[in-house]
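# Commentary on secondary and tertiary structure
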Amino acid sequence: WETSLLDAEAGIRFRGLTIPELQERLPAAAPGGEPLPEGLFWLLVTGEVPTAAQARSLTAEWEARSELPAHVLAVLDAMPADTHPMTQLVQAVMALQPGSKFAAAYQQGLHKSKYWEPYFEDSMDLIAKLPQVAAAIYRRTYHGGDLIAPKRGLDWAGNLSHMMGFSSDGAMELMRLYQTIHSDHEGGNVSAHATHLVGSALSDPYLSYASGMNGLAGPLHGLANQEVLLWLKDVQAQLGPDPSKEQLTDFVWATLKSGKVVPGYGHAVLRETDPRYTCQRSFALKHLPDDELFRLVSLLYEVVPQVLTETGKVKNPWPNVDAHSGVLLMHYGIKEAKFYTVLFAVSRALGVLSQGVWSRALGLPIERPKSLTMDALEALVR
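The text that follows walks through the structure, step by step, so that each part is easy to find. (Residues numbered from 1 in each chain as written. Predicted model: local features only at pLDDT ≥ 70, side-chain atom pairs only at ≥ 80, totals over all residues. Heavy atoms only, no water.)

### Re the nonpolar core
- Counting 100 residues, the largest nonpolar core has Trp-62, Leu-89, Met-164, Tyr-209, Leu-232 and Leu-300 as its most contacted members.
- Per-element accounting of this core gives the leading share, 11 residues, to helix 7 (residues 116-142). (Core = buried A, V, L, I, M, F, W, Y, C linked by side-chain atoms within 4.5 Å. Buried < 20%, exposed > 50% of the residue type's maximum accessible area, 1.4 Å probe, protein only. Helix = DSSP H or I, 4+ residues; strand = E, 2+ residues; numbered from the N terminus.)

Here it is in structure tokens:
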């Protein structure tokens, strides 16, 4: 895949770079800090690591494109207050669609060799507006609609955190890390594939991205970190705030024997600990080593892989990205688990829209998988 590739042993690589390499080489908001998502987007689109000045120029460009049309907020206000945040996000994106430059250019007969140009412009516009969209959904759903204005000159992820109401240095650093590592995971996952599939019909970036995010909203994809957090709370409710290793081992076995899975462990491709988990663990060790939930997650890291290995049924007993992200968000006060998928969706825009730009630049055809009947499948295995 053009923008990223998932290796079973090494994990995700963005344009050939591992997450530790991104943390080392991409520009940061502060010396030694987490990478700016602006730098990652530059890398995904161009294949080159940007300079600090280039990353800052993208911050400024997104800021210039970030203002929301009034009708988008009106669409959000028209929905019941208890509408799921992901439903609100997709509706807001669809409300932005009438401004699509790609759709307008296509109607005017743009040559196919230039499709990527308005597709890129739409992608830039949409990414620029997503922090304001997400923050408006958060404040409307959980804080009575009291919106916080963006802070001029602040980076893209830092402003998302600020507009949500979390302006500490730690919260903004976490948001930069979160938005970077959740951005892209090659093309086979539901959100990336759905965005690519719809885009292959020459649907514009708004339509394509909205389609992918409807997939991300599914329990088997973007809701996983929410389920991890609920499971951790259940562990604490039953075992107390500081369970022993032996108690956790018994609890994990009981979970498995009841026919349930341990959320946050295993991956369809990876066969080692997810490097996105590892970088979040490093962040926690640096910023919140004594956090109660982090201590629980750390102890589970010692217990769960051993138990899963002993079952003899699990190819990958190691934790994935979802095993950790909710704990970090909780620490900084973002406690509303239903909203976590929106943060995931904002990040995923960087990856799927970069892929879309390249798909249009390369002139990739409409995706049309072959359909098979049940009779045909049965014939294959006879």
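Following the structure, the description resumes.
### Things to note about helix 8 (residues 156-164)
- When you tally the buried positions in helix 8, you get 9 out of 9 residues, the bulk of the element.
- Residues of helix 8 that are buried include every one of Trp-156, Ala-157, Gly-158, Asn-159, Leu-160, Ser-161, His-162, Met-163 and Met-164, and no others.
- Residues of helix 8 that are buried sit in contact with helix 2 (37-46), helix 3 (52-64), helix 7, helix 9 (169-181) and helix 17 (340-362).
- Gly-165 occupies a position one or two residues after helix 8 and carries a positive phi of about 115 degrees. (Contact = heavy atoms within 4.5 Å.)

### Digging into the pattern of salt bridges
- For the coordinates displayed, the defined rule picks out 13 salt bridges.
- Residue Lys-101 is joined to Asp-125 by a salt bridge in which the shortest nitrogen-to-oxygen separation is 3.1 Å. Taken as a pair, Lys-101 in helix 6 (residues 101-107) and Asp-125 in helix 7 lie far apart in primary sequence, 24 residues in all.
- According to the relative accessible area criterion, Lys-101 is partly exposed, its value standing at 38%.
- One salt bridge in this structure joins Arg-276 and Asp-274, with 2.7 Å as the shortest N-O distance. Accessibility assignment for this pair places Arg-276 and Asp-274 in one class, buried.
- Ionic contacts of the salt-bridge type, sharing partners, join the residues Glu-61, Arg-65, Lys-101, Glu-121 and Asp-125 into one network. (Salt bridge = Lys/Arg side-chain N within 4 Å of Asp/Glu carboxyl O.)

### Observations concerning the packing of helix 4 (residues 70-78) against helix 5 (residues 85-96)
- As a packed pair, helix 4 and helix 5 sit with axes 9 Å apart at the nearest point and diverge in direction by 150 degrees. Crossing handedness for the pair helix 4 and helix 5: right-handed. Counted together, His-71, Val-72, Val-75 and Leu-76 of helix 4 and Gln-88, Gln-91, Ala-92, Ala-95 and Leu-96 of helix 5 form the full contact between these two elements. (Axes fitted to C-alpha atoms, helices over the stretch in contact; angles between N-to-C directions. Left-handed = near helix turned anticlockwise from the far one by under 90°.)

### Quick look at a nonpolar patch on the surface
- A surface patch of nonpolar side chains, about 560 Å² in accessible area, is lined by Leu-372, Met-374, Leu-377, Leu-380 and Val-381.
- With respect to the helices, strands and loops of the structure, Val-381 is situated in helix 18 (residues 374-381).
- What makes Val-381 exposed here is its relative accessible area of 72%. (Patch = residues over 30% accessible without salt bridge, like charges linked within 9 Å, V, L, I, M, F, W, Y side chains within 5 Å. Areas by Shrake-Rupley, 256 points an atom, 1.4 Å probe, with all protein chains shown as cover.)

Everything listed here is a matter of coordinates, which is why it stays silent on function.
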